[in-house]
Amino acid sequence: MKKLILLSAALFLITNIHAQVRFGVKAGGNFSNLYTSGTDQRINGDQYKGRFSYHFGGVMEYSFTDIFSIQPELVYLNHGANLKSDNSFAMKDGHITLNTLQLPVNLKATFHVNKTKLFVYAGPYIGYHMYGKATGKTDGETVDQELFTKESKMRRLDYGIGFGVGTELDKFTLTLGNQRGIQDISGEKSGRMKAGNITLSVGYFF
C-alpha cells in the first residue's frame with residue numbers, strides 16, 4: 001500500500017511538472033548598436049551607428065502560477081554596428097560583426113484576453129562573444145580585422161538586462177524586446193563600449 005501511494009505521488013508530480021513546462025523555438029531580426037563613452041578616440045570613439053542583423057534559438061517556459069513564469073533561453077545572436085565614415089579602422093562602408101551565444105533568464109507575466117495571451121517580461125542575460133570582426137574597404141579592397149585577438153583587450157564575456165512585450169495565439173508568439181549591455185566589452189581604461197539590441201522575434205511552443 002505504501003509503495004502504491006509513493007508511486008501515485010510520483011506519477012502526479014511528473015504529470016504536474018510536464019504540464020508546467022513548455023519548450024519552443026524563436027527567430028527574428030534585431031537593430032543593434034555599440035554605445036561608447038570616455039576619452040578614448042580609438043575603438044571607443046563616436047564611430048558607430050545602428051545595424052540590422054538576426055538571431056535564433058530555443059526557449060523553455062516554466063509556469064509556477066497562471067500568470068507568472070520563468071523563461072530561460074539559449075540564443076545565437078549576430079549583432080554589432082555599422083561604422084561611420086570617419087572611424088579608427090580607416091575603413092569605408094564598414095561594419096562590426098559580433099557572433100554571440102547568449103543565455104537570457106526572464107521573469108514573465110502573462111495575461112489572458114479571450115484566446116489571446118499578452119505578456120511582459122524582464123530579466124538579466126549573460127553572453128559569450130565567440131567571434132568578432134570589423135569588415136570594410138581599404139584602398140578599394142574588402143578587408144577583415146579580427147577583434148578578439150591575443151593583443152586585443154576586448155572582452156568576450158558580456159552581460160546586461162532585457163525587457164519586452166509580446167503576444168501568443170495558438171502557440172505562436174510575436175515578441176518585441178530591448179537589451180542593453182552592462183559590461184564594458186572594450187577592456188580599455190579610458191573608454192567604455194556596451195552592446196545594445198532591439199529585437200523582433202516570432203516563435204512557436206511545442
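In what follows, the structure referred to is the one given above.
Now for a description of the structure that goes with this document.

**Focus: the side chain of Asn78**
Right, on to step 1. With respect to the helices, strands and loops of the structure, Asn78 is situated in strand β4 (residues 68–83).
Right, on to step 2. A residue is classified by how much of its surface remains accessible, and Asn78, at 9% relative accessible area, is buried.
Right, on to step 3. In this view, Asn78 contacts Asn30, Arg51, Ser53, Tyr54, Thr97, Leu98 and Asn99; residues no more than four positions away in its chain are not counted.

**Observations regarding the pairing of β4**
Right, on to step 1. The pairing of strand β2 (residues 48–49) with β4 spans two bridges and is antiparallel. Residue Lys49 lies in a different strand from β4, and its bridge partner there is Asn82.
Right, on to step 2. Where strand β3 (residues 51–63) meets β4, eight bridges bridge the pair, whose relative direction is antiparallel. Pairing of Gly58 across the sheet is with Leu74, part of β4.
Right, on to step 3. In textbook terms, the turn of a hairpin is the stretch between consecutive antiparallel strands, and for β3 and β4 this stretch comprises four residues.
Right, on to step 4. Inspection of the sheet shows β4 paired to strand β5 (residues 92–113) by 13 bridges, in the antiparallel sense. Bridge assignment links Gln71 to a residue of β5, and that residue is Asn106.

**What about the packing of aromatic side chains?**
Right, on to step 1. Scanning all chains against the criterion turns up five aromatic pairs.
Right, on to step 2. Note on Tyr54 and Tyr76: the rings are 6.3 Å apart at their centroids and 45° apart in plane angle, and the pair reads as tilted. Taken together, the residues span a long stretch of sequence, with Tyr54 in strand β3 and Tyr76 in strand β4 at a distance of 22 residues.
Right, on to step 3. Geometrically, the ring pair formed by Phe56 and Tyr76 is tilted, given 5.3 Å between the ring centres and 40° between the ring planes. Linking Phe56 in strand β3 with Tyr76 in strand β4, this pair joins segments that are 20 residues apart in sequence.
Right, on to step 4. Under the relative-accessibility criterion, Phe56 is labelled partly exposed at 43%.
Right, on to step 5. Across from the ring centre of Phe205, 3.8 Å away, lies the NZ or CZ of Arg22, which sits over that ring.
Right, on to step 6. One cation-aromatic arrangement involves Lys108 over Phe119; the distance from NZ or CZ to the ring centre is 4.3 Å.

**Some details on the nonpolar core**
Right, on to step 1. Among the nonpolar cores identified, the biggest contains 16 residues, and Leu34, Tyr48, Phe89, Ile96 and Leu147 are the most heavily contacted of them.
Right, on to step 2. Secondary-structure elements contributing two or more residues to this core are β4, β5 and β10 (191–205).
Right, on to step 3. Dropping the residues within four chain positions of it, Leu147 is found in contact with Phe89, Ile96, Leu98, Gly132, Lys133, Ala134, Ser152 and Met154.

**Focus on the environment of Ser53**
Right, on to step 1. By the element assignment, Ser53 lies in strand β3.
Right, on to step 2. Remark: the alpha-carbon pair of Ser53 and Asn197, spanning 144 residues in sequence, is separated by 9.6 Å.
Right, on to step 3. Here the side chain of Ser53 touches Asn30 through a polar contact of 2.6 Å, side chain to side chain.
Right, on to step 4. Among the polar contacts listed, one links the side chain of Ser53 to the side chain of Ser32, at a separation of 3.3 Å.

Cut-offs and rules
Residues numbered from 1 in each chain as written. Predicted model: local features only at pLDDT ≥ 70, side-chain atom pairs only at ≥ 80, totals over all residues. Heavy atoms only, no water. Helix = DSSP H or I, 4+ residues; strand = E, 2+ residues; numbered from the N terminus. Buried < 20%, exposed > 50% of the residue type's maximum accessible area, 1.4 Å probe, protein only. Contact = heavy atoms within 4.5 Å. Pairing = 2+ DSSP bridges. Phe/Tyr/Trp six-rings, centres within 6.5 Å; stacked < 30°, edge-to-face > 60°. Lys NZ or Arg CZ within 6 Å of the ring centre and 35° of its normal. Core = buried A, V, L, I, M, F, W, Y, C linked by side-chain atoms within 4.5 Å. Polar contact = N/O pair within 3.5 Å; in protein donor to acceptor, adjacent residues only side chain to side chain.

These values are about where atoms sit, not about what they do.
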